[in-house]
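The residues making up each chain are set out below.
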Amino acid sequence: MGPRLYRVIQPVTDIALAAQFYAAVLEAPGRRVSDGRHYFGGDGEAILACYDPAADGDPVGDGWRHHPGEYRDFSVEDPEAARRRWEAAGAANITEIASMPWGETMFYALDPFGNPISFVMAGTEFTG
């Protein structure tokens, strides 16, 4: 078996806010694994690891840099419900749900830390 993706690090600057926000939008409490890390997923699926280096006592340096096109893509059964959860949780720049030229039905948003996220309707995921 070749390598498989098991964890994605999501940069945050407030681990308590990140845990609260992602628990609301992902409908799962996740688990705190250190002072600066809160994990969602696992048990055979990839982990979304919210990570606040300052809370873990790690050097921050120039801080996190994310590329504006570096999205975390989630597949959901009900994009309307997911969009309502994001809106209620205080996400920013939430787009309308739309059908994309490559076949996905989805919307985009920013989490409280400026990280871009997208939610794709299950069954429309483009995998190449």
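See above for the structure.
As the structure is a prediction and not an experimental result, all values here were calculated from the model. In this numbering scheme, every chain counts its residues from 1 along its sequence in written order. At least 70 in pLDDT is required for a residue's local features to be given in this predicted model, at least 80 for side-chain atom pairs to be given and counted, and no such filter applies to totals for whole chains, interfaces and linings, which use all residues. The basis for every side-chain value is the complete set of heavy atoms in the structure, and neither hydrogens nor water enter the calculation.

A. Here's a closer look at the pairing of strand β3 (residues 37-41). Relative to β3, strand β2 (residues 31-34) runs antiparallel, the two being bridged by 3 bridges. By the bridge assignment for β3, R32 is matched with H38. By definition, two strands form a pair when at least two bridges between them are found by DSSP. Segments assigned H or I by DSSP are reported as helices when at least four residues long, segments assigned E as strands when at least two residues long, and all are numbered from the N terminus. Between β2 and β3, which pair antiparallel and follow one another directly, the connecting turn spans 2 residues. Judged from the 5 bridges that link them, β3 and strand β4 (residues 47-51) form a sheet pairing that is antiparallel. In the sheet register, G41 faces β4, and the bridge partner there is I47.

B. Representation of the sheet that holds strand β5 (residues 72-76). The strand order across the open sheet formed by 4 strands is β5-β8-β7-β6, and the pairing between neighbours is mixed. The sheet terminates laterally at β5 and β6 (98-99), the two strands that pair on one side only. Strand direction decides the pairing type here: β5 and strand β8 (residues 116-121), joined by 5 bridges, are parallel. Across the sheet, S75 pairs through a bridge with V120, a residue of β8. Against the sheet, helix α2 (residues 79-89) contacts β5, β7 (105-110) and β8, and its axis sits at roughly 10° relative to β7. Whether two residues are in contact is decided by their heavy atoms: any pair within 4.5 Å suffices. Angles shown run from 0 to 180 degrees and are taken between the N-to-C directions of axes, each axis being a line fitted to C-alpha atoms and, for helices, limited to the stretch in contact.

C. View of the layout of surface pockets. Any residue with an atom within 4 Å of a point lines the site, the site being either a cavity, points on a 1 Å grid over the protein atoms alone where a 1.4 Å probe fits but cannot get out, or a pocket, an open set with protein on both sides within 12 Å along at least 5 of 7 lines. Grid points are joined across faces, edges and corners, and a volume is the space filled by probe spheres set on the points. Taken as a whole, the largest pocket holds about 380 Å³ of empty space. Around the largest pocket, the lining comprises 19 residues; the ones closest to its centre are L26, E45, A46, L48 and F74. Only α1 (15-26), β3, β4 and β5 provide two or more residues apiece to the lining of the largest pocket. When residues in the lining of the largest pocket are grouped by element, the largest group, 5 residues, is from β5. Note that Gly is not counted as nonpolar here; it falls among the polar residues with everything else outside the nonpolar set of Ala, Val, Leu, Ile, Met, Phe, Trp, Tyr, Cys and Pro and the charged set of Asp, Glu, Lys and Arg. Classifying every residue of the lining of the largest pocket by side-chain character gives 12 nonpolar, 2 polar and 5 charged.

D. Spatial organisation of a negative patch on the surface. Exposure above 30% relative accessible area and no salt bridge define the residues that can form patches, which grow by joining like charges within 9 Å and nonpolar side chains of Val, Leu, Ile, Met, Phe, Trp and Tyr within 5 Å. Per-residue and other accessible areas were derived by the Shrake-Rupley procedure at a 1.4 Å probe size, with only the shown protein chains allowed to occlude residues. Salt bridges, as used here, are contacts in which a Lys or Arg side-chain nitrogen is within 4 Å of a carboxyl oxygen on Asp or Glu. Lys and Arg are tallied as positive, Asp and Glu as negative. Neither His nor the chain termini are counted. In plain terms, the charge of a residue is placed at NZ if it is Lys, CZ if Arg, CG if Asp and CD if Glu. Where like charges cluster on the molecular surface, the negative patch consists of E77, D78, E80 and E125. Locating D78 in the fold gives a position in the loop between β5 and α2.

E. Quick look at the packing of aromatic side chains. Two rings from Phe, Tyr or Trp (for Trp, the six-membered ring) form a pair when their centres sit within 6.5 Å of each other. Planes less than 30 degrees apart are called stacked, planes more than 60 degrees apart edge-to-face, and all others tilted. Tallying each qualifying case throughout the model produces 8 aromatic pairs. Relative to Y22, the ring of F21 lies with its centre 5.2 Å away and its plane at 85°, an arrangement referred to as edge-to-face. Each member of the pair, F21 as well as Y22, is classed as buried. Consider the rings of W86 and F119, whose centres lie 5.3 Å apart with planes at 70°: the pair is edge-to-face. You can see W86 sitting in helix α2 and its partner F119 sitting in strand β8, a full 33 residues away along the chain. Burial classes follow relative accessibility: with a 1.4 Å probe on protein chains only, a residue under 20% of its type's maximum area counts as buried, one over 50% as exposed, and anything between as partly exposed.

So far we have only geometry, and geometry alone does not tell us how the molecule works.
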